[in-house]
Amino acid sequence: MSVPQHVAIIMDGNGRWAERRGQARTAGHRRGVEAVRAAVESAGELGVKYLTLFAFSSENWRRPQQEVNDLMGLLKFFIRRDLAELHRENIKIRVIGDKASLKADILSLLTEAEELTKANTAMQLIIAFNYGGRDEIARAARRLAARVSQGDLNAEDIREEDIGASLDTAGIPDPDLLIRTSGEQRISNFLLWQAAYAEFVFLPCLWPDFDRKAFEEALDIYQCRNRRFGKTASQGLALGT
Ligand code: FPP
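Residues numbered from 1 in each chain as written. Predicted model: local features only at pLDDT ≥ 70, side-chain atom pairs only at ≥ 80, totals over all residues. Heavy atoms only, no water.

**Observations concerning unusual backbone geometry**
It is generally the case that most residues other than glycine have a negative phi and that most peptide bonds are trans.
Argument step 1. At N189, a position not held by glycine, the phi torsion is positive, near 65 degrees.
Argument step 2. In this fold, N189 is placed in the loop between β5 (177-180) and β6 (199-202).
Argument step 3. The class of N189 is buried, set by a relative accessible area of 14%.
Argument step 4. The phi dihedral of L191 falls on the positive side, at around 45 degrees, and the residue is not glycine.
Argument step 5. Here L191 lies in the loop between β5 and β6.
Argument step 6. Accessibility expressed as a relative area gives 1% for L191, which makes it buried. (Helix = DSSP H or I, 4+ residues; strand = E, 2+ residues; numbered from the N terminus. Buried < 20%, exposed > 50% of the residue type's maximum accessible area, 1.4 Å probe, protein only.)

Structure representation (structure tokens):
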């Protein structure tokens, strides 16, 4: 049975989870943090090597200021509470997204998490924070353009690999499986370049309800898919075999 090496998740539905209970949206995000903790644990136990979580998009700044503050606070809470344990579990944390416009306190916490865990080898937890796929590609294009203008690279020689190596995810294999909870079926500017051949699994459950069983269900669906990478069905890689 083939376990995806890299699973990426769009954690959607915190607000609806709270609204259905007559609670403030923040309550849903708080429960969402507990689901994050459980998902990291499940991923490790199931043999997933890279887990990327979409925690805050570059478009999420448009939410009401209070909700933005709550989401920032929850990321800080998560790192402060769980960093030591994640480190003990030998998990390497990496953050993708535009760090340049983050507040100093968030940035220093994220940097601390990356520094402390950089030599860990059991699993990589990649937190997409202030992340947008188009923004990431635009920043990569600027990096490549700077290399061209410095005479370090010929424009005609730019290959797909150079673009991949200029993205925030440089060195991380592309996701094999992309899960979105809450029944929505959109990519929402997440890992646009990297998800070129990912299998997409859309689950109806809301993110705070995403548990080990839901994770296993997504892996079961993935294992029934036939990944072809542009080849014919008979050449493709049947995952269930
Ligand atoms: C989508 O639900 C979820 C988010 C915008 C944020 C996800 C954040 C967390 C799970 C908590 C913080 C993360 C970490 C890594 C500690 P929504 O608010 O769009 O829900 P809705 O579509 O039902 O309104």
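**With respect to the side chain of S57**
Argument step 1. Note that S57 resides in strand β2 (residues 50-57).
Argument step 2. The buried category is assigned to S57, whose relative accessible area is 9%.
Argument step 3. Discounting chain neighbours no more than four positions away, the residues touching S57 are N130 and Y131. (Contact = heavy atoms within 4.5 Å.)

**As for the site of the ligand**
Argument step 1. Every one of the 16 residues lining the ligand counts as a neighbour, but M11, G15, R16, R25 and R63 are closest to it.
Argument step 2. In the model, an oxygen atom of the ligand is placed 3.0 Å from a nitrogen or oxygen of the D12 side chain.
Argument step 3. A distance of 3.0 Å is found between an oxygen atom of the ligand and a backbone nitrogen or oxygen belonging to G15.
Argument step 4. Elements represented by at least two residues in the shell around the ligand include exactly α1 (14-19), α2 (25-46) and α3 (65-88).
Argument step 5. At 4 residues, α2 tops the list of elements feeding residues into the shell around the ligand.
Argument step 6. Looking at side-chain class alone, the shell around the ligand contains 6 nonpolar, 6 polar and 4 charged residues. (Near = heavy atom within 4 Å. Polar contact = N/O pair within 3.5 Å; in protein donor to acceptor, adjacent residues only side chain to side chain. Nonpolar A, V, L, I, M, F, W, Y, C, P; charged D, E, K, R; others polar.)

**Section: the nonpolar core**
Argument step 1. In this structure, L51 and F129 are the most contacted members of the largest nonpolar core, which totals 46 residues.
Argument step 2. In terms of residue count, the dominant contributor to this core is α3 (9 residues).
Argument step 3. Apart from residues no more than four positions distant in its own chain, F129 is found in contact with A55, F56, M72, L75, V95, I96, G97, D98, L102, I106 and L110. (Core = buried A, V, L, I, M, F, W, Y, C linked by side-chain atoms within 4.5 Å.)

**A short note on the sheet that holds β6**
Argument step 1. Across the sheet, 6 strands lie side by side as β3-β4-β2-β1-β5-β6; this open sheet has parallel pairing. The sheet terminates laterally at β3 (91-96) and β6, the two strands that pair on one side only. When strand polarity is set aside, the average angle formed by the axes of neighbouring strands in this sheet is 20 degrees.
Argument step 2. Pairing geometry for β3 and strand β4 (residues 123-131), over 6 bridges, is parallel. Bridge pairing in β4 places I93 opposite L125.
Argument step 3. Set on the sheet, helix α7 (residues 212-223) makes contact with β1 (6-10), β2, β5 and β6; between it and β5 the angle comes to about 135 degrees. (Pairing = 2+ DSSP bridges. Axes fitted to C-alpha atoms, helices over the stretch in contact; angles between N-to-C directions.)

**Some points on the packing of α3 against helix α4 (residues 104-117)**
Argument step 1. Taken N-terminus to C-terminus, the directions of α3 and α4 make an angle of 20 degrees; their axes are 10 Å apart at the nearest point. Comparing the axis directions of α3 and α4 gives the class roughly parallel. When you trace α3 past α4, the crossing you get is left-handed. In this structure, α3 contributes M72, L75, K76, I79, R80, L83 and H87 to the contact, and α4 contributes D105, I106, L109, L110, E112, A113, L116 and T117.
Argument step 2. Across the contact of α3 with α4, the residue classes tally to 9 nonpolar, 2 polar and 4 charged. (Parallel < 35°, antiparallel > 145°, perpendicular 65-115°, else oblique. Left-handed = near helix turned anticlockwise from the far one by under 90°.)

**As for the side chain of S166**
Argument step 1. Positionally, S166 belongs in helix α6 (residues 160-166).
Argument step 2. At 2.7 Å, the side chain of S166 forms a polar contact with the backbone oxygen of D162.
Argument step 3. Sequence-distant contacts of S166, that is, excluding residues within four places in its chain, are made with A140, R143 and L144.

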